[in-house]
Amino acid sequence: MSNSDQIKSSGRQALANAARDHHGQLLALLIKDLRDFQLAEDSLQDAIESALIHWQRSGPPNSPIAWLLQTARRKAIDRLRRVKNFNEKSPELSYLVEIEQDQSEREEPDSIPDERLRLIFTCCHPALDPHTAVALSLRTLCGLTTPEIARAFVVSEDTMAQRLARARQKIAKAGIAYEVPEPPHMLPRLQAVLRTLYLTFNEGYAATRGHENLRVDFCEEAIRLARMVNVLCPNQPEVLGLLALLLFTHARRQARSSARSLYIPIEDQDRTIWDQAMITEADRLLIAALGQGSVGPYQLQAAISAIHAEAKTYADTRWAEIILLYNRLFEDTHNPVFLLNRAVALSFASGADEGLAALETLTADLQTYQPFHAARADMLRRLHRFTEASLSYERAIALSQNEAERQFLLGRKQSIYNNAKHYPTAF
């Protein structure tokens, strides 16, 4: 590889890393400075496009994050100068020019650890619909695309795009402050904040896109922010429950993929490498939460994770208790995804035929939800209904954008043909 090619490659890689790992951090800073969500997103995109040109030509700068932040601010100034209502925008422009002239160390990422928490609390203002608030937080904090957020909420892309647009407009018109509110004003926003952290962790735990199933950076950022919320809102049972849930789940991270980044399901994981210190901390938090006598969805999910953590082997899992917990979760939330998880648990407690019967009742609600088809394929495979299983695997694969997930499902589909040799009438 020539020196020029090496510079191009290092520039592209540095930009990919910065955009992936620091998107939310950069956007939080820009929203704070610009007080305009759309302008912040557009300016950051301008900066990324500029970096793609400059970094491939000259190599990455010493501090990619500071470069992107400074360039985005300059792009914002350029955009403000071009708008028709320039006079109305002049205060923002003066403010930005002032920031641009300030070369203090505050531009370094480590000096601004709380900005993303401010961003979440801003997005989760009680003036916004809770579902929309969470969606906007995911868009800005994680940099998820509209289709990815729509998938998380099981709604159409058009519906989600409209929700996001309305939320940005409402924040701008209402002049919602960019701040972490004082404790008395936190509680109305708390559920939306917790939902944001939960879905942020989920995106890390089962990445929507990319080559790896696990995004450790998202998982650890969600845990870090959950710890901060726990300090700001002490003794809140659902805050404790969420933090416990995240820790129980993250404790299994090293066992979830092979050396070749292939996904390993929980039944095949090496439980000896689960993080026992993290499980112990999660246990303590869950006990403290449940002891307050106000049980919510995060505590119930943490209790399910605790059952998995306590089982010495997959066969030892107390599936009957898990089914009861999923029953309670659905009663409290009416979320069909919990019925999907209940059907999976039922398939191990009472047989794949009963699990499949429970799953089929969810077809209308979860037709475009990839885990539904993956679960259905697995149950059909276990019942030796290989033709139907193959079709369900194909549907799940078609709905998967993550390469590790796709490879796992392709492997499971291929195993059908190997099993079929022993069951020649199944096809």
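Structure: above.
**As for the nonpolar core**
Across soluble globular proteins, nonpolar side chains show a tendency to be buried alongside one another. Membership of the largest hydrophobic core comes to 126 residues, with the highest contact counts inside it found for L68, L138, F153, L197, V229, F248 and L359. Counting residues per element, this core draws most heavily on helix 1 (residues 3-34), which supplies 10 residues. Apart from the residues lying within four places of it in its own chain, the contact partners of L68 are L15, A18, L26, A47, I48, A51 and W55.

**Digging into unusual backbone geometry**
Positive phi is not limited to glycine here, since N235 has a value of about 65°. As for its placement among the helices and strands, N235 is situated in the loop between helix 10 (216-232) and helix 11 (237-250). Its identity is not glycine, yet H334 carries a phi of approximately 60°, on the positive side. Tracing the backbone through its elements, the reader meets H334 in the loop between helix 14 (319-333) and helix 15 (336-349). According to the relative accessible area criterion, H334 is exposed, its value standing at 58%.

**Concerning the packing of helix 5 (residues 115-123) against helix 10**
Between helix 5 and helix 10, whose axes approach to 11 Å, the crossing angle comes to 75°. Accordingly, the angle class assigned to the pair helix 5 and helix 10 is roughly perpendicular. The segment helix 5 lies against helix 10, with R116, L117 and I120 engaging E221, R224, L225, M228, V229 and L232. The residue makeup of the contact of helix 5 with helix 10, split by class, is six nonpolar, no polar and three charged.

**What to know about the packing of aromatic side chains**
Taken as a whole, this structure holds eight aromatic pairs when the rule is applied. When the ring of W55 is compared with that of W67, the centres are 5.3 Å apart and the planes differ by 70°; the resulting orientation is edge-to-face. In this pair, W55 sits in helix 2 (residues 37-58) while W67 sits in helix 3 (residues 64-82), placing the two residues 12 residues apart along the sequence. Centre to centre, the rings of W319 and F348 are 5.1 Å apart; their planes meet at 20°, and the pair counts as stacked. Pair noted here: W319 is in helix 14 and F348 is in helix 15, with a separation of 29 residues, a long-range link. In this structure, R256 packs its charged tip against the face of Y205, placed 3.7 Å from the ring centre. Above the ring of F348, the side-chain terminus of R382 is found at 4.2 Å from the ring centroid.

**Focus on the packing of helix 15 against helix 17 (residues 370-382)**
Two numbers describe how helix 15 lies on helix 17: the axes approach to 10 Å, and their chain directions differ by 15°. Here helix 17 runs roughly parallel to helix 15, going by the angle between their axes. The two elements helix 15 and helix 17 meet at a crossing, and its hand is left-handed. Taking contact as the criterion, the partners of L340, A343, V344, S347 and F348 in helix 15 are, on helix 17, P371, F372, A375, M379 and R382. For the contact of helix 15 with helix 17, the class distribution of residues is eight nonpolar, one polar and one charged.

**Description of helix 14**
Counted at 1.5 Å a residue, the expected span for helix 14 with its 15 residues is 21 Å, and the 21 Å between its end C-alpha atoms agrees. Along helix 14, the residues that are buried comprise W319, I322, I323, L325, Y326 and L329. The buried residues of helix 14 occupy an angular sector of 165° when the element is viewed end-on, so they sit on one face. Those residues of helix 14 that are exposed and aimed more than 90 degrees away from the buried face are A320, L324 and E331. Buried positions along helix 14 lie against helix 13 (297-310) and helix 15. The positive-phi residue at the C-terminal boundary of helix 14 is H334, with phi of around 60°.

**Describing the side chain of H250**
Inspection of the secondary structure assignment puts H250 in helix 11. Judged by its relative accessible area of 2%, H250 falls in the buried class. Not counting the four nearest positions on each side in its chain, H250 is found in contact with F201, V216, C219, E220, I223 and M278.

**A look at the pattern of salt bridges**
As enumerated under the stated definition, the model contains 20 salt bridges in all. Here R382 and D378 are joined by a salt bridge, their closest N and O atoms 3.5 Å apart. Remark: D378 and R382 occur in helix 17; sequence separation between them is four residues, near one turn of the helix. Residue class for R382 comes out partly exposed when judged on its relative accessible area of 24%. Residue classification places D378 among the buried residues on the basis of a relative accessible area of 13%.

Reading guide: rules and limits
Per chain, residue numbering runs from 1 following the sequence as it is written. Per-residue local features are limited, in this predicted model, to residues with pLDDT of at least 70; the limit for side-chain atom pairs, both in listing and counting, is 80 or more; totals at the level of whole chains, interfaces and linings are taken over all residues. Hydrogen atoms and water are omitted, and side-chain values are computed over all heavy atoms in the structure. We call a set of buried residues a nonpolar core when its members are Ala, Val, Leu, Ile, Met, Phe, Trp, Tyr or Cys and they connect through side-chain atoms within 4.5 Å of each other. Think of it in three bands: with a 1.4 Å probe and only protein chains considered, a residue is buried below 20% of the maximum accessible area for its type, exposed above 50%, and partly exposed in between. In DSSP terms, a helix is any run of H or I states spanning at least four residues, a strand is any run of E spanning at least two, and both are numbered starting from the N terminus. Residues count as neighbours in contact if any of their non-hydrogen atoms are within 4.5 Å of one another. Fitted lines through C-alpha atoms give the axes, limited to the stretch in contact for helices. The angle between two N-to-C directions lies from 0 to 180 degrees. Roughly parallel means an angle under 35 degrees; roughly antiparallel, over 145; roughly perpendicular, 65 to 115; everything else is oblique. Residue polarity follows a fixed list, in which Ala, Val, Leu, Ile, Met, Phe, Trp, Tyr, Cys and Pro are nonpolar, Asp, Glu, Lys and Arg are charged, and the others, Gly among them, are polar. Two aromatic rings, drawn from Phe, Tyr or Trp (for Trp, its six-membered ring), form a pair once their centres lie within 6.5 Å of each other, and the interplanar angle then sorts them: stacked below 30 degrees, edge-to-face above 60, tilted otherwise. Sitting over a ring, as applied to charges here, requires NZ of Lys or CZ of Arg to be within 6 Å of the ring centre and within 35 degrees of the ring normal. By definition, any crossing whose near helix is turned counterclockwise from its far helix by less than a right angle is left-handed, and any crossing with a clockwise turn is right-handed. To estimate the expected span of a helix, subtract one from its residue number and multiply by 1.5 Å. Summarising the geometry, the arc corresponds to the directions from the helix axis toward the C-beta atoms. We define a salt bridge as a contact between a side-chain nitrogen of Lys or Arg and a carboxyl oxygen of Asp or Glu at a distance within 4 Å.

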